[in-house]
Protein chains: 2
Amino acid sequence: MINSLIDHIQKIIALTTEEQTLLSRYVKQQEFSKKEHLLTQGQKKTALYFVVQGCLRMYFIKDNGTEQMVQFAIDNWWIADYTTLDQHKPAQFYIQAVEHSKVLILTQSAQEELLEKLPKLERYFRKILQRAYAASQMRLTYLFDLSAEEKYNHFNSRFPEFVQRVPQYMLASYLGFSAELLSRLRAKE
Amino acid sequence: MINSLIDHIQKIIALTTEEQTLLSRYVKQQEFSKKEHLLTQGQKKTALYFVVQGCLRMYFIKDNGTEQMVQFAIDNWWIADYTTLDQHKPAQFYIQAVEHSKVLILTQSAQEELLEKLPKLERYFRKILQRAYAASQMRLTYLFDLSAEEKYNHFNSRFPEFVQRVPQYMLASYLGFSAELLSRLRAKE
DNA sequence: TCAAAATCTTGAACCAGATCAAGAAATAGA
DNA sequence: TCTATTTCTTGATCTGGTTCAAGATTTTGA
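Note that the coordinates shown come from a computational prediction; the quantities given were computed from them, not determined experimentally.

(A) Focus on the protein's contact with DNA strand C. What surrounds DNA strand C is a group of 17 residues, the closest being A:Gln168, A:Tyr169, A:Ser183, A:Arg184 and B:Ser178. Taking the atoms of DNA strand C that fall within 4 Å of the protein, sugar and phosphate contribute 64% of them. At 2.7 Å from a phosphate oxygen of DNA strand C is found a side-chain nitrogen or oxygen belonging to A:Tyr169. Between DNA strand C and B:Ala148, the relevant distance is 3.0 Å, taken from a phosphate oxygen to a main-chain nitrogen or oxygen of the residue. Counting only elements with at least two residues in the surface near DNA strand C, the list comes to α8 (168-175) and α9 (179-188) of chain A together with α9 (179-188) of chain B. Classifying every residue of the surface near DNA strand C gives six nonpolar, five polar and six charged.

Quick look at the structure:
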């Protein structure tokens, strides 16, 4: 299981066998069944999650009591509530398994120790963050520039695998509109 | 001028005098007058910009021809089009001086060389990106959860200095609504 | 296998905010 | 200082998407 993370890292930096075993000492493996929560709003548990296999989602509860999707993560993606990680606030978000998932957990303190021991991983995590931040800049352009229908079509062509795996109401929320509207959009096709 | 960057870095990692001079060899200083562009959509110029003094904004042109604000940056903030930096696409965004600004420029290739020579800066840039990404996660919560009026009030209390410095229509666009609506909100107060 | 839970659909009424237009006020440059 | 440009205001009208509700369909777990 840890191998998928090692492979992922090695696309960016090379690791010796010793470094790989060192790494694996800091990472915890865990499986989560569908609907199980990895993180709940308000917790102080700060960690990074790497999806080996499955699908996770991050969301929060809006003032009106409904869920707002923030992000999905599937195989070989990292997901984390960086607001807790960076500032020392309690978690702003929920992270939940959308389907049964195999996950690697790197707690914040484990990450800090690991980076002391293996500073070359700083580069890996920088690259990961850069990619994530770039994606979030792009997402803003879609959120601001596209109509609901265009958002749906764009997402559909870009990530067809998701549309199968994820309930429609989560997708609608991720795209920033109501589940009912998504249903109507699909009816038009 | 470079000292404000060095100070900023030293809040995260310590630099020897030699390291400081090394750093300064990779960074270019430049001033931009109001309305001048640092980056134009479509350019291949990939760089990170550090605002020593002044105010920059990043925006793009929507399909309907109007501007959409993406981000502001004032003193001691980095700003960059990470979509160009990370993937190798031409720039998605415009970066422009809102007022006369003193800026430090670190081109992508300079950054790469610098990080070879001074790997401990990986940590600095990772932290910067982590903070930026955390902020963008928070921004999503405001975008999705608040009404126009609530967004304005929240921004106002969080960044009062901005509201003075930046034209209202830019702020409205940043918050995700029309300039006319912002004008009406202010009239209510 | 079958009942309970979760998800999706559809209609009708509604609304937050957009758009268009045109004048007022503020700012900047020569 | 004075004019051109930029920015802001306000009214009138319009609309993309929301909300509420209730039934239909699909999925799940014991």
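That was the structure; now back to the text.
(B) Main features of the nonpolar core. Formed by 60 residues in total, the largest nonpolar core has its most connected members in A:Leu121 and B:Leu121. Apart from residues no more than four positions distant in its own chain, A:Leu121 is found in contact with A:Ile9, A:Ile13, A:Leu15, A:Leu23, A:Leu114 and A:Leu115.

(C) Region of interest: the pattern of salt bridges. Taken as a whole, this structure holds 14 salt bridges over all chains when the rule is applied. One salt bridge connects B:Arg123 with A:Glu122, and the closest N-O pair in it is separated by 2.7 Å. Placement of B:Arg123 in helix α5 (residues 121-145) and of A:Glu122 in helix α5 (residues 121-145) is noted, with the two residues assigned to different chains. On the basis of relative accessible area, A:Glu122 is assigned to the buried category, the value being 5%. The salt bridge involving B:Glu122 is made with A:Arg126; its shortest N-O contact spans 2.5 Å. Of this pair, B:Glu122 sits in helix α5 while A:Arg126 is found in helix α5, placing the two residues in two different chains. Assessed through its relative accessible area of 3%, A:Arg126 is described here as buried. One continuous salt-bridge network, built from bridges that share partners, spans A:Asp75, A:Glu99 and A:Arg165.

(D) Molecular detail of the interface of chain A and chain B. Across the contact, 41 residues belong to chain A and 41 residues belong to chain B. When chain A packs against chain B, the two sides together hide about 3,800 Å² of surface, and 62% of this comes from carbon and sulfur. Among the residues chain A hides against chain B, the three largest losses belong to A:Arg126, A:Tyr133 and A:Phe144. Together they make up 19% of the total. Viewed at the interface, chain B and chain A are joined by four salt bridges. Here chain A is connected to chain B by 13 residue pairs in polar contact (both at pLDDT 80 or more). For the side of chain A that touches chain B, the elements supplying multiple residues, two or more each, are β3 (47-61), β4 (67-74), α3 (82-86), α4 (108-117) and α5 of chain A. By residue number, the principal contributor to the side of chain A that touches chain B is α5(A), which donates 20 residues.

(E) Local environment of the protein's contact with DNA strand D. With respect to spatial proximity, 15 residues lie near DNA strand D, and among them A:Lys34, A:Ala148, A:Ser178, B:Tyr169 and B:Arg184 are the closest. Protein-adjacent atoms of DNA strand D, using a 4 Å cutoff, are sugar or phosphate at a proportion of 61%. For DNA strand D, a phosphate oxygen lies 3.0 Å from a polar atom in the backbone of B:Gln168. Here a base nitrogen of DNA strand D and a side-chain polar atom of B:Arg184 are 2.8 Å apart. Elements with a contribution of two residues or more to the surface near DNA strand D: α9 of chain A together with α8 (168-175) and α9 of chain B. Per element, the largest residue contribution to the surface near DNA strand D is four residues, and it comes from α9(B). Grouping the constituent residues of the surface near DNA strand D by class yields six nonpolar, four polar and five charged.

Basis of the calculations
- Residues numbered from 1 in each chain as written.
- Chains lettered and ligands numbered in written order.
- Predicted model: local features only at pLDDT ≥ 70, side-chain atom pairs only at ≥ 80, totals over all residues.
- Heavy atoms only, no water.
- Near = heavy atom within 4 Å.
- Polar contact = N/O pair within 3.5 Å; in protein donor to acceptor, adjacent residues only side chain to side chain.
- Helix = DSSP H or I, 4+ residues; strand = E, 2+ residues; numbered from the N terminus.
- Nonpolar A, V, L, I, M, F, W, Y, C, P; charged D, E, K, R; others polar.
- Core = buried A, V, L, I, M, F, W, Y, C linked by side-chain atoms within 4.5 Å.
- Buried < 20%, exposed > 50% of the residue type's maximum accessible area, 1.4 Å probe, protein only.
- Contact = heavy atoms within 4.5 Å.
- Salt bridge = Lys/Arg side-chain N within 4 Å of Asp/Glu carboxyl O.
- Buried area = accessible area lost by both parts, 1.4 Å probe.

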